[in-house]
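Results of the structural survey
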Amino acid sequence: MTLTAAATYPEASHSTAPPPHRRWFWRSPPDQPPWARPALLGVAALAAVLYGWNLTSSSYAPYYSVAARSMSESWHAFWFTALDPAATITMDKVGGFLWPQALAARLFGFHAWSLTLPQVLEGVVSVLVLYRVVRRWQGPVAGLAAAGLLTMTPVAASMFGHAILDASLTMCLVLAADQYQKAVMTGRLGPLLLSGVWIGLGFQAKMMQAWVVVPALALGYLIAAPHPLRKRLGQLVAAGGVLLAVSLSWVALMTFTPESSRPYADGTTNNSAFAMVFGYNGLDRLHDGLIDGSFKGTFQGAPPSQSQAGAHAGDPQAMPGTEGWGKLFGPRFAAQIGWLYPLALLSLVLGLARHRRAPRTDQRRAGYLMWGGWLLTSAVLLSAMGVPHTAYVTLLAPALAALAAAGIVALWRIHRTALGPPQTLVLPAVIVVQEAWTLHVAAEYPEFVPWLTPVILAASVAACGALVYAVLPTPPDARLSRRIGVAGLVAGCVAMFAAPTAWSLSVLDSTYAGSSFDAYAGPPYRPEGGKPGKKSGGQAVSAGGQGASGQPGRSSGPSGAQSGGGIVTGLSKDQKRLLAYVQKHNRGAEYTFSTDGWESAAPYIYARALPLLPLGGFTGGANSATLAEYRKLVADGKLRFALLRGGDGKTGASQPGSSVGQINDWVRSTCTKVEPKAYGAQQPGEKGPGEPEGAESPKAPKGAQDRKDPKGHPGPKAPEEQTGSRSSEDQAGAKPSKGKADPKQQDQAGPQGQETLYRCSPGAV
């Protein structure tokens, strides 16, 4: 195999049809070497195995899976990306990334694996499309290398194997780059408009983060497209219009639909989708208060690791390693995305230097401008903001893979054609620099694959020796010299890529596969108590706050319940009894009951997709229903029951200005408390009639019974264990308090994890 130059772009536009044997998908097209398509299919198969290996044991994503369940049952909830089947409140972000998951749940049923399957497919598509983009730019060898390097990017290997929103964003942006490349090579407007469409769809998945690549694509087209400047500008304006139209389509849907006919926009104080997208999820993450109407600062209604708080720069509750301008070079993120930093940056500098005098429309230089702009713009943004979840940094993966692959091919060409030093020493020098960085990152995890360091050292020494020998002025045997040079290149690739490959392959062991809450491959980062990766010392956490395995504790849950990642999707016996009581006495009310938090509604949505009224939104502070509106629902007979948690100051019930607190106070003072005995529920510590010891709902973990405010739905675990969400003290390794709950709170609380059912009569309003 030789590293041939990239073909001039005609996109294989032949006037005659290919021969019949070329029509088989495993056969390479006429414009590619015979080995290219089989090799690509091998890489794609590896990606499919890697991403889908843990499919049947995948976990539910906290919060998002509740919305996916609702969207799979109601088309109204589907289009508005609502949290609940009745579509009373949206998620706290645009939920376009859940559309494939909801459709998969409709097709295959609601399971953790059916929600994960779309991400596996998105990962394989990303690998295949990246090959096509880099092949057009640098040839098939570089394309295959880029596809392989994306597959073996640790954070991508984990992310595409879980129900994580960044997977959709990554696929959309790679597809946008593909269409951009067609446009810049041919000057056609159609592909440029399609590029804008894909970026707009990426906006539906991750909002403003999708726009990060726009400057790079616009600059590349403005410089390299084969048209006069005025036409290039006009085409960019047209593509920008399409991009904005697709990006803002959901915001427009929310804005122009009457508020009475759509859900409340979570994350806002004024029910504005614009404030939710561009404030709460956008500019306010860089500095609070830039957009009116979005939640300001932090809210205690959601755990810090899940809330907006963790995304704000300078937040004192943010996880260690997620803040600061140097975070991308720190041990938390470097081991997941940063192995190829030196090679990619050196490739960018070398490529721009080599093509600095090329014609304006030179496609090699245009490729470096696009991928370099993508990489640097993304890196600056991620450095400026807090990064609460490791999957955020996957934004860098396509650019790193493309530039690193182009660098290897370019360096080998330079090495083979050089007449002598210093050109012949460039490739060995790059290998040494890359090896030094790799060993630096791996040193933070000394007990993970300890054989890696000697392998890298040996491969690096062998590579440098072989590469230098192969370019001796008077080699004793030219054929042997070429073979030794190729062997040196292979050894150099082993030295540079062994570490990310080992980290990525570790996802085949579910212990190192990350979770649906946070993507990471290999050992989790340990912020204290010893070096990362060591078995002793502090509690290992990911950026999202998981435990050592990254998987929140699993549980079999109640009889007949599904469980994924510790989230129980079935109802306990007492919950079934409560529900039966409510349905018997509900008299056809529009809502089964209201809850003062999405966590309390979650088990009933998971199990039955009931039309509930979850108040407070994600943070607990959304005024999705005012007290007056709530009272009118009761007066009209549309709502007859309320399920409340204990009000200890950690829920939306006590947040200043929260309507949830006002509604809770009104319910407790006006509605009738339903004693657990009325619906046959067990009192705490009681045995059900005729049931053997231990037959009641699964017991919570030690210490969970003593928590003053067990957030989340009832089940075998308190939600801190169920979802991997922990308080800032728990994230730092501190043990939870074992003090007893306040007697007043115990008096208000029922057996369902301190939840109490109230019956509201229309005549009492």
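Refer to the structure presented above.
Notes on the structure follow. All values derive from a computational prediction rather than experimental measurement.

1. Quick word on the packing of aromatic side chains
- Under the counting rule described, the total for this entry stands at 31 aromatic pairs.
- Between the aromatic rings of F78 and W79, the centroid separation amounts to 5.0 Å while the plane-to-plane angle is 90 degrees, which identifies the pairing as edge-to-face.
- Relative to F641, the ring of Y581 lies with its centre 6.1 Å away and its plane at 75 degrees, an arrangement referred to as edge-to-face. Remark: F641 occurs in strand β5 (residues 641-645) and Y581 occurs in helix α21 (residues 573-585); sequence separation between them is 60 residues.
- On the basis of relative accessible area, Y581 is assigned to the buried category, the value being 14%.
- Members of the aromatic cluster, each reached through a chain of ring pairs, are Y63, Y64, F97, W598 and F618.
- Cation over ring: R106 sits above W75, and NZ or CZ is 3.8 Å from the ring centre.

2. Describing the pairing of β5
- Counting buried positions along β5 gives five out of five residues, so the element sits mostly inside the fold.
- Neither face of β5 is left uncovered, since the one carrying F641, L643 and R645 and the one carrying A642 and L644 both have all their residues buried.
- Pairing of strand β3 (residues 594-595) with β5 involves two bridges; the strand directions are parallel. Following the sheet pairing, T595 is matched in β5 by L643.
- Sheet analysis places β5 next to strand β7 (residues 755-759), joined by five bridges and oriented antiparallel. By the bridge assignment, A642 is partnered in β7 with Y758.

3. Examining helix α8 (residues 166-186)
- Taking 1.5 Å per residue as the helical rise, α8 with its 21 residues ought to reach 30 Å, and the 30 Å between its terminal C-alpha atoms agrees with that figure.
- Counting buried residues along α8, 20 of its 21 residues qualify, which places the element largely inside the surrounding structure.

4. Comments concerning the state of the cysteines
- Counted under the stated rule, the structure contains one disulfide.
- Residue pairing for C671: its cysteine sulfur links by disulfide to C760, the two sulfurs lying 2.1 Å apart. On the sign convention where negative means left-handed, the S-S torsion of about 100 degrees between C671 and C760 marks this disulfide as right-handed. Of this pair, C671 sits in the loop between α24 (659-670) and β6 (672-674) while C760 sits in the segment after β7, and the two are 89 residues apart along the sequence. The residues C671 and C760 share a single accessibility class, namely buried.

5. Some points on the pairing of β7
- Among the five residues that make up β7, four are buried, leaving the element largely enclosed by the rest of the structure.
- Alignment of β6 against β7, held across three bridges, turns out to be antiparallel. Note that in β7 the partner of T672 across the bridge is R759.

6. Some thoughts on unusual backbone geometry
- Despite not being glycine, N271 has its phi angle at roughly 60 degrees, a positive value.
- Phi at A609 takes a positive value of approximately 50 degrees, unusual for a residue other than glycine.
- Looking at the element boundaries, A609 is found in the loop between α22 (598-608) and β4 (613-614).

7. Some remarks on the side chain of S506
- The residue S506 is located in the loop between α20 (478-505) and β1 (563-564) in this model.
- Residue classification places S506 among the buried positions, given a relative accessible area of 8%.
- Apart from the residues lying within four places of it in its own chain, the contact partners of S506 are F448, Y512, A521 and G522.

8. A short note on the sheet that holds β7
- Strand order in the open sheet formed by five strands is β4-β3-β5-β7-β6, with mixed pairing between adjacent strands. Every other strand in the sheet has two partners, leaving β4 and β6 as the edge strands with one partner each.
- With respect to the sheet, α22 is in contact with β3, β4, β5 and β7, its orientation differing from that of β5 by roughly 125 degrees.
- Most of the contacts of α24 go to β5, to which it runs at about 115 degrees, and overall it touches β5, β6 and β7.

9. Topic: the environment of S158
- Counting through the fold element by element, S158 comes out in helix α7 (residues 154-159).
- In sequence terms S158 and S510 are 352 residues apart; their C-alpha atoms lie 9.9 Å from each other.
- Residues in contact with S158, not counting those within four places in the same chain, are V507, A513, G514, A519, Y520 and A521.

How each quantity is defined
- Residues numbered from 1 in each chain as written.
- Predicted model: local features only at pLDDT ≥ 70, side-chain atom pairs only at ≥ 80, totals over all residues.
- Heavy atoms only, no water.
- Phe/Tyr/Trp six-rings, centres within 6.5 Å; stacked < 30°, edge-to-face > 60°.
- Helix = DSSP H or I, 4+ residues; strand = E, 2+ residues; numbered from the N terminus.
- Buried < 20%, exposed > 50% of the residue type's maximum accessible area, 1.4 Å probe, protein only.
- Lys NZ or Arg CZ within 6 Å of the ring centre and 35° of its normal.
- Pairing = 2+ DSSP bridges.
- Expected span 1.5 Å × (residues − 1).
- Disulfide = S-S within 2.5 Å.
- Contact = heavy atoms within 4.5 Å.
- Axes fitted to C-alpha atoms, helices over the stretch in contact; angles between N-to-C directions.

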